[in-house]
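A look at the structure
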Amino acid sequence: MFDLKDPFNVIIGGVGGQGNVLASRILGEILIGQGYVITIGETYGASQRGGSVMSHLRISKKEPFSPLIPQGQCDLLIALEPVEALRILAPYGKPDVLTLLNTRPIHPIDVISGDATYPEVSKVIAKVEQLSLRVWVLNATEIALEMGDPIFSNIVMLGALSTIQVLPVERQAFEEVARDLLPSRSLMENLRAFDRGREMVKEIPSKKVPLA
Amino acid sequence: MRSIAQNTPGKVVLLMGNEAIARGALEAGVKVCAGYPGNPSSEIIGSLAEVANELGLHVEWSINEKVALEIAAGASFSGLRSLCAMKQNGLNVASDFLLNLNLTGCKAGLVIVVADDPAGISSSNEEDSRLFAKIGDLPLLEPAHFQEAKEMAREGFSISEALGLPVLIRSVTRVSHARGNVTLGELPHSNPKPAFDLAQPRLAFPPLPNHKVLHEKFKKARTMFETSSFNVYRGPEKPEVTIITSGSGYLYSCEAVFNLNAKERVGILKMGTTWPLPEEFLLKHLRRSDQFLFIEEVDPFLENNVKEVFAQHCMELGVKRFFGKANQMIPDVGELTPEIVTSALQALLAIPYTPGPEAYNRTASEALAEVVPPRALSFCAGCPHRATYWAIKTALALDGREGIVLGDIGCYSLGVGASGFFQMKTLHAMGSGVGLACGLGQLDRFGLDQPVIALCGDSTFYHAAMPALANATYNSANFLLLLLDNSATAMTGFQPHPGTGTTATGSPAPILDLQTLCQSLGAKVEVVDPFDIEGTIAAILKMVRMVKGVKALIFKRECALVSGRRQKKNYQVEIDPERCLGDSCGCNRLCTRVFKCPGLRWDPKKKKAQIDEAICNGCGVCVEICPASAIRREAQ
């Protein structure tokens with residue numbers, strides 16, 4: 001069913017503390033279980049101090065690729081924060097990139113201090129849409145907050161990923177990996193977060209001619 | 001939860017480079033492992049500590065890297081395989097012992113893993129620690145990918161035993177902190193009984209005969225590496241260009257050849273044993289091409305050493321052209337990227353290549369410039385360091401004598417920037433703020449009239465600042481030490497240390513109390529909670545104004561991420577929109593513009609501050625900052 005481009009390149013990006021490293025690891029584990037050769041490059045260091053972070057996933061049936069995706073070669077962007085999507089698309093995007101976007105902003109300290117402004121989210125989505133072949137959106141942070149803890153937003157996003165038919169991510173495979181990797185006391189909540197992502201994700205109807 | 005100790009040979013698992021190194025050590029039957037945390041090396045000891053009890057190993061976070069290496073050497077002398085892991089700065093600390101250990105040699109396999117941080121993503125410096133292998137005549141291995149990281153760690157123990165020398169494995173961020181497929185091997189079951197053979201003392205002295213023995217071992221290593229399976233050539237028989245690469249450079253080189261569709265024209269010689277270089281093996285490959293491109297992080301180590309071999313044999317080899325850092329084709333600082341390697345290769349082969357269509361790239365860059373705000377690093381919401389720096393800033397301003405804050409390495413290094421209100425004025429090695437204060441603390445006799453203030457964290461204090469504090473007392477230096485005790489080695493992943501009451505493997509440990517320790521080293525000590533802003537400001541002001549001697553003020557408050565894992569929020573924090581007067585308050589937006597906690601927001605439409613409930617961790621400190629009492633907290 002999935003005849004993936006080889007290598008298929010995924011970036012999971014957001015802000016330190018949003019759980020992009022865990023999300024990339026879970027996705028990697030799901031895919032390795034299906035016989036793929038995976039390489040994941042992670043941004044550490046800044047990861048717990050509010051900086052921009054990215055994980056690069058290379059998915060191949062043949063061999064390991066480098067832990068950094070070459071510029072202009074991202075096939076799927078999973079953005080955990082709106083402006084971070086644009087920050088990543090600038091170097092790594094291409095006309096047929098697919099984008100899955102969490103619409104909930106996290107304000108950088110320069111915005112909090114008033115030295116910079118955060119754009120209207122609708123404007124960010126419009127730009128992302130202009131730079132992507134297809135775009136799916138959901139407010140994963142809001143869903144996670146409704147569940148009682150913003151920590152679940154990365155799992156909500158993985159749930160959303162499982163419905164858009166871009167990568168072979170099934171609920172069953174997620175559950176198996178979650179049992180292995182996540183604390184057992186939070187397993188049920190993580191499964192619920194995954195399911196909420198499946199329900200809530202929406203594709204934005206395209207209204208543009210792709211930039212070639 | 002998954003561990004690196006599953007005994008399932010042949011199974012393919014997703015491992016981080018550091019976990020792969022740890023797994024390789026387990027497959028070699030390692031018994032004793034020691035290190036000090038530091039990115040990008042921390043998960044090596046971290047993952048071994050998780051399985052230590054199950055497998056009956058001794059794994060510890062040592063007080064610093066020199067002690068860690070001495071622990072590993074002690075085990076090796078007694079016949080147990082041992083591993084020591086650290087980052088590049090750590091090898092500097094351990095180097096005094098290392099450059100004696102090379103002279104005495106070792107018995108059971110001893111593998112020293114050093115993970116370098118090219119570009120200093122989470123370091124104060126950028127350094128290529130491979131040069132230590134050259135200084136010490138020690139065998140050096142460089143893994144290029146995850147499977148090789150495991151194999152090299154395992155094989156490293158056998159090489160060490162065959163040579164009677166410690167083996168250095170040099171990793172980098174993009175190997176250590178990356179994940180990939182690793183096929184597991186078998187875990188052995190051996191329980192050798194340790195014994196130190198008194199007939200074989202390990203004495204570096206007298207140096208000359210020992211140095212001679214070392215050189216003999218070194219020659220043996222060179223011969224051994226001639227047939228190493230870690231050195232691999234991939235490409236045509238007679239390539240136009242041969243890339244000579246090691247470590248992270250290998251996958252970037254493969255990527256560049258793939259991108260340029262140039263595998264008929266380019267060969268890749270991946271060197272896994274990079275010191276000593278196997279000369280005959282290298283000569284064979286130098287005969288293949290007339291052009292060579294060196295791809296490595298960070299210094300031209302391989303580049304210079306290969307050129308040295310070439311120079312020795314140039315009459316036979318004829319004219320060759322070398323490209324790399326020497327001719328500035330490859331940058332001589334920072335990390336490599338696929339783009340750096342691709343553009344160098346495209347220049348050599350004259351192949352046109354642009355990443356993506358121009359119209360797209362232009363629109364994307366415009367969107368970035370037009371709407372995307374910068375995202376600077378900052379202390380986490382609820383971080384005690386923000387409150388600490390707020391108090392330091394306020395107290396030093398009240399004191400009015402331009403106190404100098406001398407700092408060092410930790411999360412609190414962000415004190416050099418906006419998040420710590422630009423308070424920290426020096427930043428070097430672990431504990432260096434205290435050492436510098438010993439120096440500046442003598443300058444009042446020459447007329448220095450600014451107060452001298454040293455700043456260091458709890459783990460750093462144990463690691464490197466205790467000798468400096470003893471020195472201060474002995475030599476009557478005058479300064480105030482601010483000791484930021486957040487009960488964790490926070491920056492590297494919350495590893496325990498001698499003040500936390502637990503060991504690396506989770507056993508209870510006696511607490512080396514910082515207050516008692518500072519007192520016994522001769523300092524006058526007080527303790528404050530930085531969340532008590534007023535009390536903390538008063539304490540700093542009082543102590544900075546005491547004229548003579550060594551004073552220590554301990555800021556005791558657990559790291560917000562550590563406490564956040566254990567408990568929910570202390571407070572529900574809210575901002576009363578009626579009371580928040582925004583721009584008309586006169587506070588000049590103290591909470592958002594100056595205090596800048598990421599848990600706060602400024603609403604430009606309503607012109608009021610808000611709480612971001614997805615980020616706020618409920619520390620409640622901003623309540624004390626607000627002059628209009630608009631921020632309220634309710635205990636949870």
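Because the structure is a prediction, the values reported are computed rather than measured.

Considerations on the overall build of chain A
For chain A, the helix and strand inventory stands at eight helices and seven strands. On C-alpha atoms alone, chain A measures out to a radius of gyration of 16 Å, which is about the 17 Å that the 2.2 N^0.38 rule sets for 212 residues. Across its three principal directions, the C-alpha atoms of chain A cover 45 × 45 × 35 Å. Buried residues in chain A amount to 58% of all 212 residues.

With respect to the domain arrangement of chain B
All names here are of chain B. Entries for chain B in the domain assignment read domain 1 (12–189 + 200–225), domain 2 (232–349), domain 3 (384–565) and domain 4 (568–635). Placing the centre of domain 3 and that of domain 4 at their C-alpha centroids yields a distance of 28 Å. Contacts between the two partners involve nine residues from domain 3 and, on the opposite side, seven residues from domain 4. Secondary structure elements with two or more residues in the side of domain 3 that touches domain 4: α15 (384–399) and α20 (560–566). A per-element tally of the side of domain 3 that touches domain 4 places α15 first, with three residues. Across the side of domain 3 that touches domain 4, the residue classes break down as six nonpolar, two polar and one charged.

Things to note about the confidence of the model for chain B
In low-pLDDT regions, the fine details of the predicted coordinates are not to be read closely. Of the residues in chain B, 100% reach a pLDDT of 70 or more, and the chain-wide mean stands at 95. For this predicted complex, the interface confidence score (ipTM) comes to 0.95, while the overall pTM stands at 0.96.

Description of the nonpolar core
Residue and element names in this part refer to chain B. Residues Ile453, Leu482 and Leu483 are the most contacted members of the largest nonpolar core, which totals 225 residues. For Ile453, the residues in contact, after removing those within four places along its chain, are Gly403, Ile404, Val405, Leu406, Phe479, Leu480, Leu482 and Val544. In this structure, Ala262, Ile268, Leu302 and Val341 belong to the second largest nonpolar core, which totals 32 residues.

Description of the interface of chain B and chain A
The interface of chain B with chain A comprises 59 residues on the first partner and 60 residues on the second. When contributions to the side of chain B that touches chain A are tallied by element, the ones reaching two or more residues are β1 (12–16), β8 (178–183), α9 (249–259), α13 (338–349), α14 (358–371), α21 (590–595) and β22 (600–603) of chain B. Looking at side-chain class alone, the side of chain B that touches chain A contains 32 nonpolar, 15 polar and 12 charged residues. Summarising the sheet, strand β2 (residues 37–42) of chain A and β8(B) pair through three bridges and their orientation is antiparallel. Across the sheet, residue A:Thr39 finds its bridge partner in β8(B), namely B:Gly180.

Here's the deal with the packing of helix α4 (residues 121–130) of chain A against α14(B)
Packed helix pairs are specified by the crossing angle of their axes together with the interaxial distance, meaning the distance between the axes. At a minimum axis separation of 10 Å, α4(A) and α14(B) run at an interaxial angle of 165 degrees. When the axis of α4(A) is compared with that of α14(B), the two are roughly antiparallel. Of the two elements, α4(A) crosses α14(B), and the hand of that crossing is left-handed. Two secondary-structure elements touch here, α4(A) through A:Lys123, A:Val124, A:Lys127 and A:Gln130 and α14(B) through B:Thr363, B:Ala367 and B:Val371. Along the lines of polarity and charge, the residues of the contact of α4(A) with α14(B) split into three nonpolar, two polar and two charged.

Some thoughts on helix α8 (residues 187–200) of chain A
Between its terminal C-alpha atoms α8(A) stretches 20 Å, which fits the 20 Å expected from 14 residues at 1.5 Å a residue. Contact partners of the buried residues in α8(A): β6 (134–138), α5 (140–147), α6 (153–161) and α7 (171–181) of chain A.

Let's talk about the environment of B:Arg321
All names here are of chain B. Position of Arg321 relative to the elements: it lies in strand β14 (residues 321–323). By the C-beta count within 10 Å, which is 12 here, Arg321 ends up exposed. Arg321 sits 179 residues away from Thr500 along the chain, and the two C-alpha atoms are 57 Å apart. Apart from the residues within four sequence positions on either side, Arg321 is in contact with Asp290 and Gln291.

Observations concerning the pairing of strand β7 (residues 167–172) of chain B
All names here are of chain B. Counting buried positions along β7 gives six out of six residues, so the element sits mostly inside the fold. Where burial is concerned, the two faces of β7 agree: the one with Val167, Ile169 and Ser171 and the one with Leu168, Arg170 and Val172 are both buried. Bridging between strand β5 (residues 110–116) and β7 involves six bridges; their strand directions are parallel. Residue Val111 lies in a different strand from β7, and its bridge partner there is Val167. Here strand β6 (residues 140–141) runs beside β7; their pairing, made up of two bridges, is parallel. Its bridge partner being in β7, Leu140 is matched across the sheet by Leu168. Chirality of the crossover, the property in question, places the unit of β6, helix α6 (residues 146–163) and β7 among those that are right-handed.

Overview of the sheet that holds strand β3 (residues 52–60) of chain A
Strand order in the open sheet formed by nine strands is β7(A)-β6(A)-β5(A)-β4(A)-β1(A)-β3(A)-β2(A)-β8(B)-β1(B), and the pairing between neighbours is mixed. The sheet is open, and its two edges are formed by β7 (202–204) of chain A together with β1 of chain B, each paired on a single side. Pairwise comparison of adjacent strand axes, ignoring direction, gives a mean angle of 20 degrees for this sheet. Inspection of the sheet shows strand β5 (residues 98–102) of chain A paired to β6(A) by five bridges, in the parallel sense. Each bridged residue has a counterpart across the sheet, and for A:Leu98 the counterpart in β6(A) is A:Arg134. Helix-sheet contacts for α6(A) involve β4 (76–79), β5 and β6 of chain A, and the interaxial angle to β5(A) is about 145 degrees.

Thoughts on α7(A)
Residues and elements named next belong to chain A. Residues of α7 that are buried: Phe174, Val177 and Ala178. Burial along α7 is one-sided: seen end-on, the buried residues are contained in an arc of 105 degrees. Those residues of α7 that are exposed and angled more than 90 degrees off the buried face are Gln172 and Asp180. Along its buried surface, α7 packs onto α1 (20–32), α6 and α8.

Considerations on the sheet that holds strand β10 (residues 241–245) of chain B
All names here are of chain B. Read across the sheet, five strands follow the order β9-β11-β10-β13-β14 without closing on themselves; strand pairing throughout is mixed. The sheet terminates laterally at β9 (232–234) and β14, the two strands that pair on one side only. The sheet shows a mean angle of 20 degrees between the axes of neighbouring strands, taken without regard to direction. Note: β10 against strand β13 (residues 291–295), five bridges, orientation parallel.

Comments concerning unusual backbone geometry
Residue and element names in this part refer to chain B. At the junction of Asn39 and Pro40, the peptide bond is cis and its omega measures out at 10 degrees in the coordinates. In this structure, the amide linkage connecting Trp275 to the following residue, Pro276, adopts the cis form with an omega of -10 degrees. Tracing the backbone shows Pro276 in the loop between β12 (273–275) and α10 (279–286).

Side note on the packing of α1(A) against α7(A)
Residue and element names in this part refer to chain A. Where α1 contacts α7, the two axes come as close as 9 Å, and the packing angle between them is 120 degrees. Relative to α7, α1 is oriented oblique. For the pair α1 and α7, the crossing hand works out as right-handed. Across the interface between the two elements, Arg25, Ile26, Glu29 and Ile30 from α1 touch Ala173, Phe174, Val177 and Leu181 from α7. Split into classes, the residues belonging to the contact of α1 with α7 amount to six nonpolar, no polar and two charged.

Scoring rules and cut-offs
Residues numbered from 1 in each chain as written. Chains lettered and ligands numbered in written order. Predicted model: local features only at pLDDT ≥ 70, side-chain atom pairs only at ≥ 80, totals over all residues. Helix = DSSP H or I, 4+ residues; strand = E, 2+ residues; numbered from the N terminus. Rg over C-alpha atoms; globule rule 2.2 N^0.38 Å. Buried ≥ 20, exposed ≤ 12 C-beta atoms within 10 Å, placed from the backbone. Domains from an automatic or database assignment. Contact = placed C-beta atoms within 7 Å. Nonpolar A, V, L, I, M, F, W, Y, C, P; charged D, E, K, R; others polar. pLDDT = per-residue confidence, 0-100. Core = buried A, V, L, I, M, F, W, Y, C linked by C-beta atoms within 7 Å. Pairing = 2+ DSSP bridges. Axes fitted to C-alpha atoms, helices over the stretch in contact; angles between N-to-C directions. Parallel < 35°, antiparallel > 145°, perpendicular 65-115°, else oblique. Left-handed = near helix turned anticlockwise from the far one by under 90°. Expected span 1.5 Å × (residues − 1). Right-handed = clockwise from strand over helix to strand, strands pointing away. Arc of directions from axis to C-beta.

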